[in-house]
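Now for the letters of each chain:
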Amino acid sequence: MPTPVPALAHRPLTPHAVTELVALPTAPHIPDDFDALDAELQQRGWDWEHELVCDSFRTGHEHVLCSDGGSPFGESDVRHFPFFGELYP
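Below is a short write-up of the structure. It should be emphasised that the depicted structure is a prediction, and the values quoted were computed from it without experimental measurement. (Residues numbered from 1 in each chain as written. Predicted model: local features only at pLDDT ≥ 70, side-chain atom pairs only at ≥ 80, totals over all residues. Heavy atoms only, no water.)

**Observations regarding the pairing of strand 4 (residues 64-67)**
- Neither face of strand 4 is exposed, since Val64 and Cys66 on one face and Leu65 and Ser67 on the opposite face are all buried.
- Pairing analysis gives 3 bridges linking strand 3 (residues 56-58) to strand 4, with the strands arranged antiparallel. Across the sheet, the residue bridging to Phe57 is Leu65, located in strand 4. (Buried < 20%, exposed > 50% of the residue type's maximum accessible area, 1.4 Å probe, protein only. Helix = DSSP H or I, 4+ residues; strand = E, 2+ residues; numbered from the N terminus. Pairing = 2+ DSSP bridges.)

**Focus on the environment of His29**
- Relative to the helices and strands, His29 resides in the loop between helix 1 (15-22) and helix 2 (34-44).
- On the basis of relative accessible area, His29 is assigned to the partly exposed category, the value being 47%.
- C-alpha of His29 to C-alpha of Glu75: the two residues are 46 residues apart in sequence and 6.7 Å apart in space.
- In contact with His29, other than residues within four places in its own chain, are Phe73, Gly74 and Glu75.
- Among the polar contacts made by the side chain of His29, one reaches the side chain of Glu75 at a distance of 3.0 Å. (Contact = heavy atoms within 4.5 Å. Polar contact = N/O pair within 3.5 Å; in protein donor to acceptor, adjacent residues only side chain to side chain.)

**A look at the environment of Leu65**
- Mapped onto the fold, Leu65 is located in strand 4.
- Here Leu65 falls in the buried class, since its relative accessible area comes to 1%.
- Each C-alpha atom, one on Leu65 and one on Asp55, is 9.2 Å from the other, the two residues being 10 residues apart in sequence.
- Residues in contact with Leu65, not counting those within four places in the same chain, are Leu21, Leu24, Trp46, Ser56, Phe57, Pro72, His80, Phe81 and Pro82.

**So, the nonpolar core**
- The biggest cluster of nonpolar side chains holds 10 residues, and these are Leu21, Leu24, Ala27, Ile30, Leu37, Leu41, Trp46, Phe57, Leu65 and Phe73.
- Setting aside its immediate chain neighbours within four residues, Leu37 contacts Ile30, Pro31, Trp48, Phe57, Gly70, Ser71, Pro72 and Phe73. (Core = buried A, V, L, I, M, F, W, Y, C linked by side-chain atoms within 4.5 Å.)

Set out below in structure tokens:
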């Protein structure tokens, strides 16, 4: 029986998605408080992403975003790593 291999499916970058990603460092700072960060994620339509890439976020446009900091919002000195694809079995 063959072993299933995750596939990478392209997620298109729309102008709105790019605008949102580029604006993250200048967004209002969200403290590293779990409840405050969770409220911001819900308001943006984002979600936690732990299954595909550890300790990352899934944007409302279905892009996966990793951040060196605990919060990707309002952190101009923190690196962000967007993944322009989605892994699924």
